[in-house]
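# Structural features, examined
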2 protein chains.
Amino acid sequence: MPRKSAQNYEVKILDAAETMIRSRGYNGVSFREIADAVGVKSSSVHYYYPTKGALGVAVARRYTDNFLKTLGNPEDASKDANEVLEKVRELARYSLKQEKLMCLCGMLGAEVADLPSEVADQTRSFFLLNSDWLVTALSRTDWGRAQTEKTLRKAALKALSTMEGALIVARSLGDPEIFEDIEMDELRV
Amino acid sequence: MPRKSAQNYEVKILDAAETMIRSRGYNGVSFREIADAVGVKSSSVHYYYPTKGALGVAVARRYTDNFLKTLGNPEDASKDANEVLEKVRELARYSLKQEKLMCLCGMLGAEVADLPSEVADQTRSFFLLNSDWLVTALSRTDWGRAQTEKTLRKAALKALSTMEGALIVARSLGDPEIFEDIEMDELRV
DNA sequence: GTCTATAATTTGATAGAC
DNA sequence: GTCTATCAAATTATAGAC
């Protein structure tokens, strides 16, 4: 049995690329380093993703899908509205403390002016879908029921902003516990 | 009179480097592109800043100094406390709408795990000094006078986080006006 | 599907002329 | 203080063997 024929490194490549982008940024990642991390040659990365842009889009799309899947249904009737909202904060906490990485789309969002347009589009989609999710979740709370759509949208955007910024500030200051100091009242209404 | 002798491009080099880092990130910037933007050769950039780390530190240090200088004295008795606090929001708004750039230290903060240690240290210093400034400014407000230092520090960190995140979210969504939707109640107490 | 080999370009950095 | 010239290494990407 040949050692490396008919393998499929696609998922491992996405895993390595995601981790590296979330640590170094899109411009800080190279095909060779991804390949080294997976244990293949860079040409194998190009086999699955012909260009860096194509790889970036695939990573961002999968990240967005997984993020929303982990959040679950914002209208989940079996759960308290605040319990649902807390999941956003839990995801950010996990990113910071367990993975010790940025949110992928927080990182890409900072670099957005320099990204291939297809990657920038997928980054935009992440924030659109997450603010939609938050608007729906917030509308279920006692507070949210009495608010206009516009007010809910503002609260959603603020919660997302604070979450992304909190990762940056806590990492910059070198102390993950700072995350706990940064309140997100928008997610407890 | 010789064309380019005895010139001093140091400030222009810092200007170009800052603009480019704020758009592309630290890893997305090269000595040659900075040199091209200034109209010199890359060896002239190395003359002032022998390594990329040295350049990064110089840019971050100047940015921090200018930022705090623009904010002014947080205890300025001639101004209302809320008027003073609003300056943080004004600086972020200017960055987003006029310069169309990230905050330098928001960008560096996202990449902090991959920066030369001296650049990471200066990024940390930016957030430390700014949270100190905010704690002092907040302590002058009617609300702040009644709070503990710990509570003021939390509010300061949240305001900084929301500011950095708002730049990312507004830029990712491609609409600077979104910044106005993101309330920063911490700066109006 | 993975490899070797290689192309064309870019990168951070240095030596030395002026 | 700025330049030309150059280096070794790294980058994205492609061609073609297996």
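Residues numbered from 1 in each chain as written. Chains lettered and ligands numbered in written order. Predicted model: local features only at pLDDT ≥ 70, side-chain atom pairs only at ≥ 80, totals over all residues. Heavy atoms only, no water.

## Examining empty space enclosed by the protein
Residues and elements named next belong to chain A.
- The tally for this structure, following the rule as stated, stands at 2 cavities of 30 Å³ or more.
- Space inside the largest cavity adds up to approximately 60 Å³.
- If you go around the largest cavity, the residues you meet are Ile21, Tyr26, Val29, Ser30, Phe31, Ile34, Lys52, Leu55 and Gly56.
- Looking at the lining of the largest cavity, the elements that each hand over two or more residues are helix H2 (31-38) and helix H4 (52-71).
- With 3 residues, H4 is the largest single contributor of residues to the lining of the largest cavity.
- For the lining of the largest cavity, the per-class residue count stands at 6 nonpolar, 2 polar and 1 charged. (1 Å grid on protein atoms, 1.4 Å probe; cavity = no way out; pocket = protein on both sides within 12 Å on 5 of 7 lines; lining within 4 Å. Points joined across faces, edges and corners; volume = space filled by probe spheres on them. Helix = DSSP H or I, 4+ residues; strand = E, 2+ residues; numbered from the N terminus. Nonpolar A, V, L, I, M, F, W, Y, C, P; charged D, E, K, R; others polar.)

## Remarks on the relation of the copies chain A and chain B
- Relative to chain B, chain A is turned by 180° and slid 0.0 Å along the rotation axis, the superposed coordinates differing by an RMSD of 0.0 Å. Both copies of the chain, as the preceding transformation shows, are related through a two-fold rotation axis.
- A shared interface surface links the copies, since 100% of the contact residues of chain A are contact residues in chain B too. (Least-squares fit on C-alpha atoms with pLDDT ≥ 70 in both. Contact = heavy atoms within 4.5 Å.)

## Let's talk about the packing of helix H7 (residues 117-139) of chain B against helix H9 (residues 149-172) of chain B
Residue and element names in this part refer to chain B.
- At a minimum axis distance of 8 Å, the contact between H7 and H9 shows a crossing angle of 120°. In terms of orientation, H7 and H9 fall into the oblique class. The crossing of H7 and H9 is right-handed. For the pair H7 and H9, contact is made by Phe126, Phe127, Asn130, Ser131, Asp132, Leu134, Val135, Leu138 and Ser139 and by Glu149, Leu152, Arg153, Ala155, Ala156, Leu157, Ala159, Leu160 and Glu164, respectively. (Axes fitted to C-alpha atoms, helices over the stretch in contact; angles between N-to-C directions. Parallel < 35°, antiparallel > 145°, perpendicular 65-115°, else oblique. Left-handed = near helix turned anticlockwise from the far one by under 90°.)

## Structural notes on the environment of Tyr48(B)
Residues and elements named next belong to chain B.
- Relative to the helices and strands, Tyr48 resides in helix H3 (residues 42-48).
- Expressed as a C-alpha distance, the spacing of Tyr48 and Asn8, which sit 40 residues apart in the sequence, is 9.6 Å.
- Setting aside anything within four residues of it in sequence, one finds Tyr48 in contact with Gln7, Asn8, Tyr9, Glu10 and Ile13.

## Notes on the interface of chain A and chain B
- Between chain A and chain B, the residue contacts involve 40 residues of the former and 40 residues of the latter.
- Of the roughly 3,300 Å² buried at the junction of chain A and chain B (both faces included), carbon and sulfur atoms supply 63%.
- Where chain A packs against chain B, one counts 8 salt bridges.
- Its salt-bridge partner being Lys154(B), residue Glu183(A) comes within 3.8 Å of it at the nearest N-O pair.
- Secondary-structure elements contributing two or more residues to the side of chain A that touches chain B are helix H1 (10-24), helix H6 (104-110), helix H7 (117-138), helix H9 (149-172) and helix H10 (178-181) of chain A.
- Considering every element that reaches the side of chain A that touches chain B, the biggest residue donor is H9(A), with 14 residues.
- Residue composition of the side of chain A that touches chain B, grouped by class: 17 nonpolar, 10 polar and 13 charged. (Buried area = accessible area lost by both parts, 1.4 Å probe. Salt bridge = Lys/Arg side-chain N within 4 Å of Asp/Glu carboxyl O.)

## Observations concerning the state of the cysteines
All names here are of chain A.
- Scanning the model with the defined rule gives 0 disulfides over all chains in all.
- No disulfide involves Cys103; its sulfur sits 5.4 Å from the nearest other cysteine sulfur, which is in Cys105.
- A relative accessible area of 2% means that Cys103 is categorised as buried. (Disulfide = S-S within 2.5 Å. Buried < 20%, exposed > 50% of the residue type's maximum accessible area, 1.4 Å probe, protein only.)

## Section: the side chain of Thr64(B)
Residue and element names in this part refer to chain B.
- Along the polypeptide, Thr64 turns up in helix H4 (residues 52-71).
- Taking relative accessible area as the criterion, Thr64 reaches 1% and is therefore assigned buried.
- Setting aside its immediate chain neighbours within four residues, Thr64 contacts Cys105, Gln122, Phe126 and Leu129.

## Things to note about the nonpolar core
- Grouped together as the largest cluster of nonpolar side chains are 133 residues, with contacts concentrated most on Ile34(A), Leu55(A), Leu134(A), Ile13(B), Ile34(B), Leu55(B) and Leu134(B).
- Leu134(A) has contacts with Leu85(A), Val88(A), Ala156(A), Ala159(A), Leu160(A) and Leu187(A), leaving out every residue within four places of it along the chain. (Core = buried A, V, L, I, M, F, W, Y, C linked by side-chain atoms within 4.5 Å.)

## Considerations on the side chain of Ser172(B)
- Assignment of secondary structure puts Ser172(B) in helix H9.
- For Ser172(B), the side chain forms a polar contact with the main-chain oxygen of Ile168(B), separated by 2.8 Å.
- Non-local contacts of Ser172(B), meaning those with residues more than four positions away in its chain, are made with Gly109(A), Val112(A), Thr123(A), Arg124(A) and Phe127(A). (Polar contact = N/O pair within 3.5 Å; in protein donor to acceptor, adjacent residues only side chain to side chain.)

From the geometry alone we can't say anything about function, so treat these as descriptive.
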